[in-house]
Amino acid sequence: MDRIRCKDYNPNMAMSSQPKPNILFGKGEIEAAIKRLAAEISKDYHDKHPILIGVLKGSFMFMADLVRLLDFPLEVEFIRLSSYGRGRDSSGKINVVQGLRSSVKGRDVLVIEDIVDTGFTITFLLDYLRKKKPASLRLCTLTDKPSRRKVPVVIDYLAFTVPNKFIVGYGLDWDEKFRYLPDICTLEDAN
Ligand code: 5GP
Ligand code: MG
C-alpha cells in the first residue's frame, strides 16, 4: 500500500509517535463508487424531492461529491452529533449538537454518513429522525466496518466495506487531523 505524505505527518520528527496514513481506497476508486451510488440513488429518488441529511463533520466531502452527481430536485441538510473526540470507542451516549433547520415530516429522508462502526451513532440518529415522522428513511454510508458492529444496522447504499482499522481522509479525521486527504486511508500506529 502507498504511504502518503501530508501536512499532518512529519516522518523526520524525532521520536515521532505520529500515526501514518496509508491509502486504502484512492481517488479513482472513490469516484467510481460514488458514481455507482449516485446512479442507484437517482433511480430511487428522482421523483421524490428528498432531503439528504449529512452527518457532520465526517460526511462533508462525500456529501459534496455525491450531490453534484444527482441531477434532480433535492434538499441538503446537516446534523451534528457528539462524537469520539480523541478516543476510538463510541461511548454509546450520543447527543444532537446541531439540529436540523427544516422539517422532515412527510419527506423522503436519506441520511449520509461517513462510517458505521459499532452502529450506536447511526441507530441513535435513525431513531431520532423516525420520531419526526418522515415518509421514508434510508441510510447511505461511505464506509462500513462490520467487524466492529455492536447493534444491527441496515445500510441501503454503501460505497466501501473497510477492515477493522482506524480510517481517516476524505472527510474522516483523527483528532481533527487528516480530514482533507483526498483518499480513504488507514491510520497505522495511532495511539
Ligand atoms: P459508531 O457509533 O458506529 O461506533 O461510530 C460512528 C462514528 O464514530 C462515525 O460517524 C465516526 O464519526 C466515528 N468513527 C468510527 N470509526 C471510525 C474510524 O475508523 N475513523 C474515524 N475517523 N471515525 C470513526
Ligand atoms: Mg459520522
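The coordinates are above.
The shown structure was predicted, so the numbers you read here are calculated from the model rather than taken from an experiment.

Colleague: Explain the site of ligand 1 to me, please; I cannot follow it from the model alone.
Modeller: The immediate surroundings of ligand 1 are formed by 16 residues, with Thr118, Gly119, Thr121, Ile167 and Asp173 found nearest. For ligand 1, an oxygen atom lies 3.5 Å from a polar atom in the side chain of Glu113. Between ligand 1 and Lys145 there is a distance of 2.8 Å, counted from an oxygen atom to a side-chain nitrogen or oxygen. Starting from 500 Å² of accessible surface for ligand 1 in isolation, the protein chains cover 92%. Of all the secondary-structure elements, those providing two or more residues to the shell around ligand 1 are β5 (108–116) and α3 (120–130).

Colleague: Help me out: how do you make sense of the sheet that holds β5 in this one?
Modeller: Hydrogen bonds along the backbone pair up the strands of a sheet, which may run parallel or antiparallel. The strand order across the open sheet formed by 6 strands is β4-β3-β2-β5-β6-β7, and the pairing between neighbours is mixed. Since the sheet does not close on itself, it has two edges, and those belong to β4 (96–98) and β7 (157–161), each with one partner. Across the sheet, the mean angle from the axis of one strand to that of its neighbour is 30°, orientation sign disregarded. Pairing geometry for β5 and strand β6 (residues 136–144), over 8 bridges, is parallel. Opposite Leu110, over in β6, you have Arg138 as the bridge partner.

Colleague: Hey, could you run me through the environment of Ser82 in this one?
Modeller: Along the chain, Ser82 turns up in the loop between β3 (75–81) and β4. When residues no more than four places from it in sequence are discounted, the contact partners of Ser82 are Lys93, Ile94, Asn95 and Val97.

Colleague: Even after reading the chapter, I still don't get the sheet that holds strand β8 (residues 167–168), so can you show me in this structure?
Modeller: Across the sheet, which stays open at both edges, the 3 strands sit in the order β1-β9-β8 with antiparallel pairing between neighbours. Of all the strands in the sheet, the pair left with one neighbour each is β1 (20–25) and β8. Here 2 bridges tie β8 to strand β9 (residues 184–188), and the two strands are oriented antiparallel to one another. Looking at the pairing, Ile167 lines up with Thr186 of β9.

Colleague: What exactly am I supposed to notice about the packing of aromatic side chains here?
Modeller: How two aromatic rings sit relative to each other is given by the distance of their centres and the angle of their planes. Counted by the stated rule, this structure contains 4 aromatic pairs. Centroid distance Phe25 to Phe160: 4.0 Å. Interplanar angle 20°. Geometry classified as stacked. A residue pair is termed long-range when its members are at least 10 positions apart, and Phe25 in strand β1 and Phe160 in strand β7 qualify at 135 residues. No difference in accessibility class separates Phe25 from Phe160, as the two residues are buried. Here Tyr45 and Tyr157 contribute two aromatic rings whose centre-to-centre distance is 6.4 Å and whose plane-to-plane angle is 55°, an arrangement assigned as tilted. With Tyr45 in helix α1 (residues 27–45) and Tyr157 in strand β7, this pair connects stretches of sequence that are 112 residues apart. Neither residue differs from the other here; Tyr45 and Tyr157 are each classed as buried.

Colleague: Where do I start with the pattern of salt bridges in this structure?
Modeller: Pairs can form between side chains of opposite charge once their charged atoms are near each other. Taken as a whole and assessed by the stated rule, the structure comprises 14 salt bridges. Here Arg130 ties to Asp127 by a salt bridge, and the two come within 2.9 Å at their closest N and O atoms. Here Arg130 and its partner Asp127 are both found in helix α3, 3 residues apart, which amounts to about one turn of the helix. Note on Arg130: relative accessible area 47%, which makes it partly exposed.

Colleague: What's the story with helix α2 (residues 60–67) in this structure? I'm lost.
Modeller: Three- or four-residue spacings in an α-helix give side chains the same orientation, since the helix completes a turn every 3.6 residues. Where α2 is concerned, the buried positions are Met61, Phe62, Met63 and Leu66. As for α2, its buried residues are in contact with α1, β2 (51–56), β3, β5 and β6.

Rules of the game
Residues numbered from 1 in each chain as written. Chains lettered and ligands numbered in written order. Predicted model: local features only at pLDDT ≥ 70, side-chain atom pairs only at ≥ 80, totals over all residues. Heavy atoms only, no water. Near = heavy atom within 4 Å. Polar contact = N/O pair within 3.5 Å; in protein donor to acceptor, adjacent residues only side chain to side chain. Areas by Shrake-Rupley, 256 points an atom, 1.4 Å probe, with all protein chains shown as cover. Helix = DSSP H or I, 4+ residues; strand = E, 2+ residues; numbered from the N terminus. Pairing = 2+ DSSP bridges. Axes fitted to C-alpha atoms, helices over the stretch in contact; angles between N-to-C directions. Contact = heavy atoms within 4.5 Å. Phe/Tyr/Trp six-rings, centres within 6.5 Å; stacked < 30°, edge-to-face > 60°. Buried < 20%, exposed > 50% of the residue type's maximum accessible area, 1.4 Å probe, protein only. Salt bridge = Lys/Arg side-chain N within 4 Å of Asp/Glu carboxyl O.

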